[in-house]
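What follows is the residue order along each chain.
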Amino acid sequence: MIWIFTLQYSLFYLQLSVAIVVGLVLGKFICVVKVTVVRCWTDWFDRDDPSGSGDWETLSSLRRQNPGKICRNPTGIEAQTLSGLSLLAAGDVTYRNDPKTGFICRNKDQPGRKMCNDFRVRFVCHPPFCGGEVCWTKWYDRDNPSGTGDWEQLSKQRQKAASKDEICEFPLYIEAVTIDTNTPAMNTGQKFFAYNPTDGFICRNKDQRYGKCRDYKVRYGCPCNH
Ligand SMILES: [Ca+2]
Ligand SMILES: [Ca+2]
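Because the structure is predicted, anything quoted here is derived from the model rather than measured. (Residues numbered from 1 in each chain as written. Chains lettered and ligands numbered in written order. Predicted model: local features only at pLDDT ≥ 70, side-chain atom pairs only at ≥ 80, totals over all residues. Heavy atoms only, no water.)

Considering the sheet that holds strand β2 (residues 54-58)
Then comes step 1: An order of β2-β5-β4 is seen for the three strands of this open sheet, with the pairing classed as antiparallel. Looking at which strands have only one partner, the edges of the open sheet turn out to be β2 and β4 (96-98). When the angles between neighbouring strand axes are averaged without regard to direction, this sheet yields 15°. (Pairing = 2+ DSSP bridges. Helix = DSSP H or I, 4+ residues; strand = E, 2+ residues; numbered from the N terminus. Axes fitted to C-alpha atoms, helices over the stretch in contact; angles between N-to-C directions.)

Here it is, written out as structure tokens:
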């Protein structure tokens, strides 16, 4: 009986040891992968100046104003003054400075009633977001604004595509222009419910000042080797 117990205990101990060794090997592997991941930077963005309550370079606003130019989940952010000073050198007290929120410097946080400097920011993305070659799909126009709006969602366009490879799994960019004059969507003055490479493009009539969207077509930018 004692012998059986000892054997079972030994087997348990052996399994535990193997688990620890595998864990160590996996831990080392994960570490190596992390080190070899290449990072790339987006362009610099500067949408605000500190004349109001501060310099608000939030990720949500920058995304809205620069559709397709910032990757889905940035892993880092860098802020510098328009004259090129680092945040450390400029010495401003920041309210937010992270890749989820973006950058916010509030004038009321600065000592001695000083205003914030004017900052620009850029984000860290994973390739192939920056630098890689981008290939564009054909233009899609599946809807017109006669109903509730112009609904050009990516999911609907995927259904309409001839093959599942026609639009890559993770488009990096989206471009929308009007059907009649090829005017870029951002230049029409209309408001968009969605305009990003994850959801596609949606213009709702009820969001427009004159109650009607223009008719748009969209296309997607994918890594060329998808
Ligand atoms: Ca700024
Ligand atoms: Ca349309």
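Considerations on the pattern of salt bridges
Then comes step 1: Tallied over the full model, the rule gives six salt bridges.
Then comes step 2: For Glu175, the salt bridge goes to Arg219, with nearest N and O atoms at 2.9 Å. One end of the pair, Glu175, is in strand β9 (residues 173-178); the other, Arg219, is in strand β12 (residues 216-223), with 44 residues separating them in the sequence. (Salt bridge = Lys/Arg side-chain N within 4 Å of Asp/Glu carboxyl O.)

Focus: the packing of aromatic side chains
Then comes step 1: Per the stated rule, a full pass over the model turns up seven aromatic pairs.
Then comes step 2: Consider the rings of Phe192 and Tyr195, whose centres lie 5.8 Å apart with planes at 80°: the pair is edge-to-face. Of the two residues examined, Phe192 and Tyr195, each falls in the buried class.
Then comes step 3: Note on Phe192 and Phe201: the rings are 4.9 Å apart at their centroids and 50° apart in plane angle, and the pair reads as tilted. Here Phe192 matches Phe201 in class, with each residue buried.
Then comes step 4: Ring pairs connect the aromatic residues Phe192, Tyr195, Phe201 and Tyr216, which therefore count as one cluster.
Then comes step 5: Over the face of the ring belonging to Trp44 we find Arg120, whose NZ or CZ atom lies 5.1 Å from the ring centre.
Then comes step 6: Above the face of the Phe193 ring, Arg204 is positioned so that its terminal group lies 3.8 Å from the ring centre. (Phe/Tyr/Trp six-rings, centres within 6.5 Å; stacked < 30°, edge-to-face > 60°. Buried < 20%, exposed > 50% of the residue type's maximum accessible area, 1.4 Å probe, protein only. Lys NZ or Arg CZ within 6 Å of the ring centre and 35° of its normal.)

A short note on the pairing of β12
Then comes step 1: Judged by how many residues are buried, β12 sits mostly within the fold: seven of eight residues are covered.
Then comes step 2: One ladder, built from six bridges, connects β9 with β12; its direction is antiparallel. Bridge assignment links Ile174 to a residue of β12, and that residue is Tyr220.

Points about the coordination of the calcium ion (ligand 1)
Then comes step 1: Within the first shell, the calcium ion (ligand 1) binds the protein through Asp46 (OD), Asp48 (O), Asp55 (OD), Asp55 (OD), Glu57 (OE), Asp118 (OD) and Phe119 (O), at distances of 2.3 to 2.7 Å.
Then comes step 2: Expressed as a motif, the donor residue spacing for the calcium ion (ligand 1) is D-x1-D-x6-D-x1-E-x60-D-F.
Then comes step 3: For Asp48, a relative accessible area of 22% corresponds to the partly exposed category.
Then comes step 4: You can call Glu57 buried: its relative accessible area is 0%. (Donors = N, O, S within 2.8 Å, 3.2 Å for Na, K, Ca; no water.)

Regarding the pairing of strand β5 (residues 102-106)
Then comes step 1: Of all five residues in β5, five are buried, a share of seventy percent or more.
Then comes step 2: The alternating pattern of β5 places Gly102, Ile104 and Arg106 on one face and Phe103 and Cys105 on the opposite face, and all of these are buried.
Then comes step 3: Pairing of β2 with β5 involves five bridges; the strand directions are antiparallel. When the sheet's bridge partners are listed, Gly54 is paired in β5 with Arg106.
Then comes step 4: Summarising the sheet, β4 and β5 pair through three bridges and their orientation is antiparallel.

Points about the coordination of the calcium ion (ligand 2)
Then comes step 1: Within the protein, the calcium ion (ligand 2) binds to Asp141 (OD), Asp143 (O), Asp150 (OD), Asp150 (OD), Glu152 (OE), Asp215 (OD) and Tyr216 (O); these donor distances fall in the range 2.2 to 2.7 Å.
Then comes step 2: Ordering the donors of the calcium ion (ligand 2) by residue number gives the pattern D-x1-D-x6-D-x1-E-x62-D-Y.
Then comes step 3: Accessibility expressed as a relative area gives 21% for Asp215, which makes it partly exposed.
Then comes step 4: The class for Tyr216 is buried, based on a relative accessible area of 0%.

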